[in-house]
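What follows is each chain in one-letter form.
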Amino acid sequence: ADSEPEEVLLDEPSKKAIYNREGIIEKLEDICWPDNVQWVHKLTIDHNEEQEVDVNDDIVRELAFYTQALEGTRQAFAKIQSLGVPFFRPPDYYAEMVKTDGHMLKVKGRLLEEKKKIEEAE
Amino acid sequence: EKRGGGGGGSVFRNKEKVLVTCSRRINSRYRHLMLNVVSLLPHCKKDNKVESKESKGATLNELVELRNCSYCLFFECRKQKDLYLWMARCPNGPSVKFLVNAVHTMEELKLTGNHLKGSRPILTFSMNFNKDPHWMLLKEMITQIFGTPKDHRKSKPFYDHVFAFSIIDDHIWFRNYQVVNQGGIEETTLVEVGPRFCLNPIKIFGGSFGGPTLYENPFYISPNQIRALEKKKKAGKFAKKVK
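Residues numbered from 1 in each chain as written. Chains lettered and ligands numbered in written order. Predicted model: local features only at pLDDT ≥ 70, side-chain atom pairs only at ≥ 80, totals over all residues.

Peer 1: If you had to explain the overall build of chain B to someone new, which residues and values would you point to?
Peer 2: Assigned secondary structure in chain B consists of four helices and eleven strands. What you see for chain B is a C-alpha radius of gyration of 20 Å, in line with the 18 Å of a compact globule of 243 residues. Overall, the C-alpha framework of chain B stretches about 75 × 45 × 35 Å when taken along its three principal axes. Taken over 243 residues, chain B has a buried fraction of 47%. For chain B, restricting intrachain contacts to residue pairs at least 6 apart in sequence, the fraction spanning at least 24 positions comes to 64%. (Helix = DSSP H or I, 4+ residues; strand = E, 2+ residues; numbered from the N terminus. Rg over C-alpha atoms; globule rule 2.2 N^0.38 Å. Buried ≥ 20, exposed ≤ 12 C-beta atoms within 10 Å, placed from the backbone. Contact = placed C-beta atoms within 7 Å.)

Structure follows, in structure tokens:
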């Protein structure tokens, strides 16, 4: 990402920028699923972050994403459990993964290599 | 145009289908990002590259109808370096154009997470999606595009990954984590799978790939303008030296 040009934003919001509040709300109502849709169709969880995150601090920012995802997972787990549906897959359930075995082998190889380097350095 | 047979007491069914495609002459990283997104959406259909010109909207709308989809994700690469992402609800809109930043594909990130292909993701949103109508609209579109329909024939019945959509600094950040089962939900940890990207909304249109503008990002400067400014600055330096 370092090779990408730095993004620049205007300091002052442009006064000409369009904001059609009514139009947006109308569209939102147009495309919304019916109100009574069960949560299990959406699987959405809102996360209330305690404080503003500094976007330039990589560690703080990634931690905020991690926390959001983890707390969301816990809430979703409780909801799915209460429906009587299994959440985790059984250990003997095998199926195609999003990353192939070959890809994971490369990742593992790299990790081992790095570990070796550290050990050699010591 | 009410989908899903929601009313009348009948059972709701999520029938959203997403067409995913990109512009010609897209660079390999951005094409990989698109393929990563395809691998995360079992309810999507991938199509051939589309020429990125003024009339692309009509072409894309036609394609979406032909492929029987309700949404379109169009990765538009300009000048081999700028990536724009269109999210469009077809055929009646709305549509959004984003500038995509901070791209990392699954391949280049040596992340150790992995999850079932086609398992339904849990979608987490930061609370600030609820503060303005345009964010609420984007949240709804993201929910319908990135959520895998329940009981989709290519989906798997377990939950092992979670998406994070978070607004920081008026940008939408995306992360995908694997949920690692370590005995109970309290002991659960997450491992990142990838990809990563960050979306800066530029404009929201009432129609699909066009129509009346509903929202314009008041802070946005296009990458072209930024480059022009930089050039000018450099030129200014030289002019000073000559004097």
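Peer 1: How would you summarise helix 3 (residues 58–82) of chain A if you had to cite specific residues and measurements?
Peer 2: For helix 3 of chain A, which comprises 25 residues, the first-to-last C-alpha distance of 36 Å matches the rise-based estimate of 36 Å (1.5 Å per residue) to within 8%. Of all the positions in helix 3 of chain A, only A64, F65, Q68, A69, G72, T73 and A76 of chain A are classed as buried. Contacts from the buried residues of helix 3 of chain A go to strand 1 (44–47) of chain A together with strand 6 (122–126), strand 7 (161–168), strand 8 (171–180) and strand 9 (189–192) of chain B. Remark: G84 of chain A follows helix 3 of chain A within two positions and exhibits a positive phi of approximately 75°. (Expected span 1.5 Å × (residues − 1).)

Peer 1: Which residues make up the pairing of strand 3 (residues 71–78) of chain B, and what values do they have?
Peer 2: Residues and elements named next belong to chain B. Along strand 3, seven of the eight residues are buried, which leaves the element largely enclosed by surrounding structure. Summarising the sheet, strand 1 (residues 18–22) and strand 3 pair through five bridges and their orientation is parallel. Paired with C22 across the two strands is F75, which belongs to strand 3. Pairing of strand 3 with strand 4 (residues 82–89) involves eight bridges; the strand directions are antiparallel. Across the sheet, the residue bridging to E76 is Y84, located in strand 4. Between the antiparallel neighbours strand 3 and strand 4 lie three residues, among them K79 with a positive phi of about 55°. (Pairing = 2+ DSSP bridges.)

Peer 1: Which residues make up the interface of chain A and chain B, and what values go with them?
Peer 2: The interface of chain A with chain B comprises 61 residues on the first partner and 64 residues on the second. Of all the elements in the fold, those that place two or more residues in the side of chain A that touches chain B are helix 1 (21–31), helix 2 (39–42), strand 1, helix 3 and helix 4 (101–121) of chain A. With 13 residues, helix 3 of chain A is the single largest residue contributor to the side of chain A that touches chain B. Classifying every residue of the side of chain A that touches chain B gives 38 nonpolar, ten polar and 13 charged. Of the strand pairs in this sheet, strand 1 of chain A and strand 6 of chain B are connected by four bridges, and their pairing is parallel. In the sheet register, T44 of chain A faces strand 6 of chain B, and the bridge partner there is L123 of chain B. (Nonpolar A, V, L, I, M, F, W, Y, C, P; charged D, E, K, R; others polar.)

Peer 1: Could you give an account of the nonpolar core, naming the residues involved and the relevant values?
Peer 2: All names here are of chain B. Of all hydrophobic cores here, the largest spans 77 residues; its most connected members are V18, C72, L73, F75 and L85. Ranked by residues supplied to this core, first place goes to helix 3 (residues 133–146) with seven residues. In this structure, L73 is in contact with V18, V20, V37, L85, M87 and I145, ignoring residues within four places of it in sequence. (Core = buried A, V, L, I, M, F, W, Y, C linked by C-beta atoms within 7 Å.)

Peer 1: Which residues make up the environment of G118 of chain B, and what values go with them?
Peer 2: All names here are of chain B. Note on placement: G118 falls in the loop between strand 5 (95–104) and strand 6. Taking C-alpha positions, G118 is 38 Å from N224, a pair spaced 106 residues apart along the chain. Residues within four places of G118 in sequence aside, it is in contact with P42, K154, S155 and K156.

Peer 1: Lay out the confidence of the model for chain B with the relevant residues and their values.
Peer 2: The share of residues in chain B with pLDDT of 70 or more is 95%, and the mean pLDDT across the chain is 91. Here the predicted complex carries an ipTM of 0.89, next to a pTM of 0.91. (pLDDT = per-residue confidence, 0-100.)

Peer 1: Break down the environment of L190 of chain B for me, with residues and values.
Peer 2: Inspection of the secondary structure assignment puts L190 of chain B in strand 9. Residues L190 of chain B and D160 of chain B lie 30 residues apart in sequence; the distance between their C-alpha atoms is 9.6 Å. Not counting residues up to four positions away in its chain, the partners in contact with L190 of chain B are Y66, A69 and L70 of chain A together with V162, Y177, Q178, V179 and V180 of chain B.

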